[in-house]
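# Structure assessment
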Amino acid sequence: DPVRKDVLEMLLRKFDQRGLTLIPAIQFSSPLLALEKQLRQDPSKATGIELMGPQGKSWTDSKGTRRGMAPYYNPLDPRVQQEMQRVIDELVERYQHHPSFGGLAIQMSSETYSQLPGPQWGTDQQTFDRFIQQSDSAADSTKTGLPERIKYINGPNRQKWLNWRGQVMANFYHDISDRLQAKKPGSRLYLVTSDLVNSSTARKQLQPRLPQQHTLADV
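So, here is what we can say about the structure in this document. (Residues numbered from 1 in each chain as written. Predicted model: local features only at pLDDT ≥ 70, side-chain atom pairs only at ≥ 80, totals over all residues. Heavy atoms only, no water.)

## Section: the environment of glutamine 125
Quick reminder of the rule: What counts as a helix is a DSSP run of H or I of at least four residues, what counts as a strand is a run of E of at least two, and both are numbered from the N terminus. Two N or O atoms count as a polar contact when they lie within 3.5 Å, although within protein this holds only if one can serve as hydrogen donor and the other as acceptor, and sequence-adjacent residues are included solely when both atoms are side-chain atoms.
Mapping glutamine 125 onto the fold places it in helix α5 (residues 125-135). Through-space distance from the C-alpha of glutamine 125 to that of threonine 144 is 8.3 Å; in sequence the pair is 19 residues apart. A polar side-chain atom of glutamine 125 sits 2.7 Å from a polar atom in the side chain of arginine 149.

Have a look at this one:
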């Protein structure tokens, strides 16, 4: 059919008629135009937007994509969070008038940028500077190159780094939930984590071996 249809609108109307509740799901696994524009216009000012790993390369440069899906961006960066929130706001504004609209689910698979693939991802200079400023004022991040940053987070400060990242993500999703409930009272935000352990890295860590090196919680 050459005429594009709003399938979600149709589903919500059907759910309205039957007195059911529908939770639409969104998957952040494709590029966002506003972020791509920033990356093209001034790459130096866009540091921190792309998800960078331990080799100093983005996820797409080092691992590619799967059918165009990948964790393109760094969800710790405020600019990335702002654009993700904009997508969610647009969806909620469009469909919140339906009685059956009960909230929103975010797919947290390994091919999305709604999560972080591993401890060594998100280690660009700008993100690391924010981490140091907020959690370790005694350290000097201005003199640290990538090898030093990786060494820092793999050493005694590993848990401090993981805790900071976790708190940034938790605050982000709390904000999304608060905005969602403000627009549609009674609605809820769901984080769907069932696919997180399907990544190649997670499967490798969880393979049976003696002695056991990783727990599911660690992964």
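From this point on, the discussion continues.
## Side note on the sheet that holds strand β1 (residues 25-26)
As a reminder of what qualifies: Think of it this way: DSSP has to see at least two bridges between two strands before they count as a pair. The contact definition used throughout considers only heavy atoms, calling two residues in contact when any of these lie within 4.5 Å. Only the stretch in contact is used when fitting a helix axis, every axis being a line fitted to C-alpha atoms; angles between N-to-C directions are given from 0 to 180 degrees.
Sheet architecture is open: three strands sit in the order β1-β2-β3, paired in parallel fashion. Edge positions in the open sheet fall to β1 and β3 (188-192), since each of these has one partner strand only. In this structure, strand β2 (residues 103-107) lies alongside β3, joined through five bridges in parallel fashion. In the sheet register, glycine 103 faces β3, and the bridge partner there is arginine 188. Strands β2 and β3 of the sheet are contacted by helix α7 (residues 158-183), whose axis makes an angle of about 145° with β3.

## Concerning the nonpolar core
Our working definition: Side-chain atoms within 4.5 Å are what join buried Ala, Val, Leu, Ile, Met, Phe, Trp, Tyr and Cys residues into a set we call a nonpolar core. Relative accessible area decides the class of each residue, using a 1.4 Å probe on protein chains only: under 20% of the type maximum gives buried, over 50% gives exposed, and in between gives partly exposed.
Residues Tyr73, Ile106 and Tyr173 are the most contacted members of the largest nonpolar core, which totals 45 residues. At the level of elements, α1 (7-18), α2 (33-41), α4 (78-95), β2, α5, α6 (146-154) and α7 are the ones that each hand at least two residues to this core. Here this core gets eight residues from one element, more than from any other, and that element is α7. If sequence neighbours within four positions are ignored, tyrosine 173 has contacts with Ile106, Met108, Ser114, Leu189 and Leu191.

## Section: α6
Note the threshold: By construction, the arc corresponds to the directions joining the helix axis to the C-beta atoms.
For α6, the complete set of buried residues consists of Leu146, Arg149, Ile150, Tyr152 and Ile153. Take α6 and look down its axis: the buried residues cluster within an arc of 160°, on one side only. Facing away from the buried side of α6 by more than 90 degrees, the exposed set consists of Pro147 and Lys151. Next to the buried residues of α6 lie α5 and α7.

## Remarks on the packing of α2 against α4
So the rule is basically this: Should an angle lie under 35 degrees it is considered roughly parallel, over 145 roughly antiparallel, and from 65 to 115 roughly perpendicular; all remaining angles are considered oblique.
Running from N to C, α2 and α4 cross one another at 150°; their axes reach a closest spacing of 9 Å. Between α2 and α4, the angle is such that the two are roughly antiparallel. Only Arg79, Val80 and Glu83 of α4 make contact with α2, whose side of the interface consists of Ala34, Leu35 and Gln38.

## Remarks on the pattern of salt bridges
Which entries qualify depends on this criterion: What makes a salt bridge here is a side-chain nitrogen of Lys or Arg within 4 Å of a carboxyl oxygen of Asp or Glu, nothing more.
In the structure shown here, the tally under the stated rule is seven salt bridges. Of the charged contacts in the structure, one is a salt bridge between glutamate 83 and arginine 86, with a shortest N-O distance of 3.3 Å. With glutamate 83 and arginine 86 both in helix α4 and three residues apart, this pair spans about one turn of that helix. You can call glutamate 83 buried: its relative accessible area is 9%. Taking the relative accessible area as the measure of exposure, arginine 86 reaches 46% and is therefore partly exposed.

## Let's talk about the packing of aromatic side chains
As a reminder of what qualifies: The aromatic pairing rule takes the rings of Phe, Tyr and Trp, using the six-membered ring of Trp, and pairs them if the centres are within 6.5 Å, calling planes under 30 degrees apart stacked, those over 60 edge-to-face and the rest tilted. A positively charged side chain is recorded as over a ring if its NZ (Lys) or CZ (Arg) lies within 6 Å of the ring centre. The angle to the ring normal must also be within 35 degrees.
A full pass over the atoms with the stated rule returns twelve aromatic pairs. Each ring, one from phenylalanine 131 and one from tyrosine 152, has its centre 6.0 Å from the other, and the planes form 70°; the classification is edge-to-face. Here the residue phenylalanine 131 occupies a position in helix α5, and tyrosine 152 occupies one in helix α6, the gap between them amounting to 21 residues. Judged by relative accessible area, which is 0%, phenylalanine 131 ranks as buried. According to the relative accessible area criterion, tyrosine 152 is buried, its value standing at 17%. The cationic tip of lysine 63 hangs over the ring face of tryptophan 59; the distance from NZ or CZ to the ring centre is 5.5 Å.

## Regarding a nonpolar patch on the surface
The test is simple: Patch membership needs two things, relative accessible area over 30% and no salt bridge, and members are linked within 9 Å if like-charged or within 5 Å if nonpolar (Val, Leu, Ile, Met, Phe, Trp, Tyr). Surface accessibility follows the Shrake-Rupley procedure with a 1.4 Å probe radius. Residue values consider only the protein chains on display as shielding.
Together, Val7, Met10 and Leu11 give the surface a local cluster of nonpolar side chains, amounting to about 250 Å² of exposed area. Along the chain, leucine 11 turns up in helix α1. The partly exposed category is assigned to leucine 11, whose relative accessible area is 34%.

## With respect to the packing of α4 against α7
To keep things clear, this is the line we draw: Less than a right angle of anticlockwise turn of the near helix away from the far helix marks a crossing as left-handed, whereas a clockwise turn marks it as right-handed. For this classification, Asp, Glu, Lys and Arg are treated as charged, while Ala, Val, Leu, Ile, Met, Phe, Trp, Tyr, Cys and Pro are nonpolar and the rest, including Gly, are polar.
Across the interface, α4 lies against α7 with an axial gap of 11 Å and an inter-helix angle of 20°. Taken together, the axis directions place α4 and α7 in an arrangement best described as roughly parallel. Between α4 and α7 the crossing geometry is right-handed. The segment α4 lies against α7, with Gln81, Met84, Gln85, Ile88, Asp89, Val92 and Glu93 engaging Val168, Phe172, Asp175, Ile176, Arg179, Leu180 and Lys183. Among the residues forming the contact of α4 with α7, the class breakdown is seven nonpolar, two polar and five charged.

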